[in-house]
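Structural description and commentary
Chain by chain, the residues run as shown.
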Amino acid sequence: MRLLHTSDWHLGRAFHRVGMLGAQAEFIGHLVATVREHAVDALVVSGDVYDRAVPPLAAVELFDDALHRLADLGVPTVMISGNHDSARRLGVGAGLIGRAGIHLRTAPSASGTPVMLSDRHGDVAFYGLPYLEPALVKDEFGVEKASHEAVLAAAMDRVRADLAARPRGTRSVVLAHAFVTGGTPSDSERDITVGGVAAVPAGVFDGVDYVALGHLHGCQTLTERVRYSGSPLPYSFSEADHRKSMWLVDLAADGGVTAERIDCPVPRALARIRGTLEELLADPGLEPHREAWVEATLTDPVRPADPMARLAERFPHTLSLVFAPERAPGDPAVSYAHRLADRDDQQIAEDFVAHVRGAGPDERERAVLRDAIDAVRADEAVREVAR
């Protein structure tokens, strides 16, 4: 069976101040053409269809158009909700849409109930594990600790139990939206840390033939059977080096996996350039970036006059301007934002305690901070679901 694995469309999202709806529509056209040209047997979409719980109307219309075009091809599609989606909204009408071959899996309770598809070698069970917010689903899965690993492990127990009850030789595919150990994140993914831990081990998914992951925006292979497709379009300058693509996966009669990447159309190259303003304006080596979307980091010790306007004369698609004067680490002029770079909420809170009190928190106090941060995240998730 030939699968096309994609995820993280983020319909409705912009790139800085540039609307991406046109590029997203072009991707949908490319997706439909790829399904047709490569004789794909099933399409899997591993979450974050939309960029937010209540997407703009234009994004909903684009999704509706995609569903109609995929249904017209007669190729089954299995799709799950991600952490950016409203699972309940995305799942409205799932039963009816399923009659057209578009199978939406957004309910955690259905994790162990597969979509069954067949080819000449027999059945393939597709299990959809939507994004599982630990605080909201721990009771559903009967776990004591609200962690990503605990709820995913419990969901996979249901998958393996269902698979074990099926005829010998039934192949299996799992769709999941999670941060799996070994994956490389970028700046455009929403943080899903719980209890100070975001990642779950790939071993959680043992026992199935292929795991189609979503959440991380870079296409990557964790094992031959566990892969991220990445987002089809860039959504932050941290993705400047990404090759945007989808996985074309062949699932053999014995469950063996072979995969190749299918490139996606990207509207414009990304470039991150760094130096003083005069260097950036004069360096001939930067000429290939003239038509790229540009993030410029200025290292001038004193902020120059009209930097954006001057940069735009050479790089008309400059979207982001960062000031990072080259100073010694102990220089008091080093910015607060610079000092916070690459530090998570827990570390920032602990640093604040140390700054105010003169000593950092002990282990009990760290646990209190961690529980408070997790409670805020859980409350935000509940509010988003209820909107």
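Heads up: the structure comes first, above all this text.
Read on for an overview of the structure.

Thresholds, definitions, all that
Along each chain, numbering runs from 1 in the same order as the chain's sequence is written. The predicted nature of this model means local features are confined to residues of pLDDT at least 70 and side-chain atom pairs, given and counted, to a pLDDT of 80 or more, with totals for whole chains, interfaces and linings taken over all residues. No hydrogens and no water enter the side-chain calculation; it runs on all heavy atoms of the structure. Partly exposed describes any residue whose relative accessible area lies between the buried limit of under 20% and the exposed limit of over 50%, with all areas from a 1.4 Å probe on protein chains only and scaled to the type maximum. Working definition: helices are DSSP H or I runs of at least four residues, strands are E runs of at least two. Numbering for both runs from the N terminus. Our arc is simply the arc of the directions from the helix axis toward the C-beta atoms. Whether two residues are in contact is decided by their heavy atoms, any of which lying within 4.5 Å being enough. We define a salt bridge as a side-chain nitrogen of Lys or Arg found within 4 Å of a carboxyl oxygen belonging to Asp or Glu. Definition of nonpolar core: a set of buried residues of the types Ala, Val, Leu, Ile, Met, Phe, Trp, Tyr and Cys, connected through side-chain atoms within 4.5 Å. Pairing between strands is defined by DSSP: at least two bridges between them are needed. Throughout, an axis means a line fitted to C-alpha atoms (over the contacting stretch in the case of helices), and angles, computed between N-to-C directions, take values from 0 to 180 degrees. Side-chain rings of Phe, Tyr and Trp, where Trp is taken by its six-membered ring, are said to pair if the distance between their centres is within 6.5 Å; with planes under 30 degrees apart they count as stacked, over 60 as edge-to-face, and otherwise as tilted. Note on criteria: charge over ring means Lys NZ or Arg CZ within 6 Å of the ring centre, with the direction from the centre no more than 35 degrees off the ring normal. Should an angle lie under 35 degrees it is considered roughly parallel, over 145 roughly antiparallel, and from 65 to 115 roughly perpendicular; all remaining angles are considered oblique. Crossings are sorted by hand: turned counterclockwise from the far helix by less than a right angle, the near helix makes the crossing left-handed, and turned clockwise it makes it right-handed.

A closer look at helix H5 (residues 134–141)
Listed in full, the buried residues belonging to H5 are Pro134, Val137 and Phe141. Here the buried residues of H5 occupy an arc of 85 degrees about the axis, which is enough to place them on one side. Packing partners of the buried residues in H5 comprise helix H6 (148–164). Positive phi shows up at Gly142, right after H5, with a value of about 65 degrees.

Focus on the pattern of salt bridges
Counted according to the given criterion, the structure contains 19 salt bridges. The partner of Asp157 in a salt bridge is Arg160, and the shortest N-O contact between them spans 3.3 Å. Residue Asp157 and its partner Arg160 are located together in helix H6, separated by 3 residues, close to a single helical turn. Of the charged contacts in the structure, one is a salt bridge between Glu295 and Arg272, with a shortest N-O distance of 2.8 Å. Taken together, the residues Glu295 in strand E16 (residues 293–298) and Arg272 in strand E15 (residues 270–275) connect sequence positions 23 residues apart.

Quick notes on the nonpolar core
Leu129, Val174 and Phe205 are the most contacted members of the largest nonpolar core, which totals 32 residues. Listing elements by their share of this core, those giving two or more residues are strand E8 (122–129), H5, H6, strand E9 (171–177), strand E10 (210–214) and strand E12 (226–228). When residues in this core are grouped by element, the largest group, 7 residues, is from H6. Non-local contacts of Val174, meaning those with residues more than four positions away in its chain, are made with Tyr127, Leu129, Met156, Val159, Phe205, Val208, Tyr210, Val211 and Ala212. Listed in part, the 28 residues of the second largest apolar core include Leu4, Leu67, Leu70 and Met246.

Details of the sheet that holds strand E7 (residues 115–119)
With mixed pairing, the 6 strands of this open sheet are ordered in space as E7-E8-E9-E10-E12-E11. Each edge of the open sheet is held by one strand with a lone partner, namely E7 and strand E11 (220–223). Taking the axes of each pair of neighbouring strands and ignoring which way they run, one obtains an average angle of 20 degrees across the sheet. Sheet topology note: the E9/E10 ladder contains 5 bridges and is parallel. The partner of His177 across the bridge, within E10, is Gly214. Relative to the sheet, H6 contacts E8 and E9, its axis offset from that of E8 by approximately 160 degrees.

Focus on the packing of aromatic side chains
Aromatic ring pairs are reported here in terms of the distance separating the ring centres and the angle at which the planes meet. Taken as a whole, this structure holds 4 aromatic pairs when the rule is applied. A centroid spacing of 5.8 Å and a plane angle of 70 degrees characterise the contact between Trp9 and Phe27, whose relative ring orientation is edge-to-face. With Trp9 in the loop between strand E1 (2–6) and strand E2 (14–15) and Phe27 in helix H1 (residues 21–37), this pair connects stretches of sequence that are 18 residues apart. Relative accessible area serves as the criterion here: at 2%, Trp9 is assigned to the buried category. Both rings, one in Phe15 and one in Trp293, keep their centres 5.1 Å apart while their planes meet at 25 degrees; by these two values the pair is stacked. Pair noted here: Phe15 is in strand E2 and Trp293 is in strand E16, with a separation of 278 residues, a long-range link. Residues Phe15 and Trp293 agree in their burial class; the two are buried. A connected cluster of aromatic rings, assembled from ring pairs, spans Phe15, Phe237 and Trp293. In this structure, Arg227 packs its charged tip against the face of Trp247, placed 4.4 Å from the ring centre. For the cation-ring pair, Arg303 lies above Phe323, with the distance from its terminal atom to the ring centre recorded as 3.7 Å.

Thoughts on the packing of H5 against H6
For the pair H5 and H6, the least separation of the axes is 10 Å and the interaxial angle reads 40 degrees. Accordingly, the angle class assigned to the pair H5 and H6 is oblique. For the pair H5 and H6, the crossing hand works out as left-handed. The residues of H6 that touch H5, namely those facing Pro134, Val137, Lys138, Glu140 and Phe141, are His148, Val151, Ala154, Ala155 and Arg158.

Structural notes on unusual backbone geometry
One non-glycine residue, His16, lies in positive phi territory at about 55 degrees. Here His16 is to be found in the loop between E2 and strand E3 (18–19). Even without a glycine there, the phi angle at Asp48 is positive, about 55 degrees. Relative to the assigned elements, Asp48 resides in the loop between strand E4 (42–46) and helix H2 (57–73).

Read these as layout, nothing more, since geometry by itself doesn't imply function.
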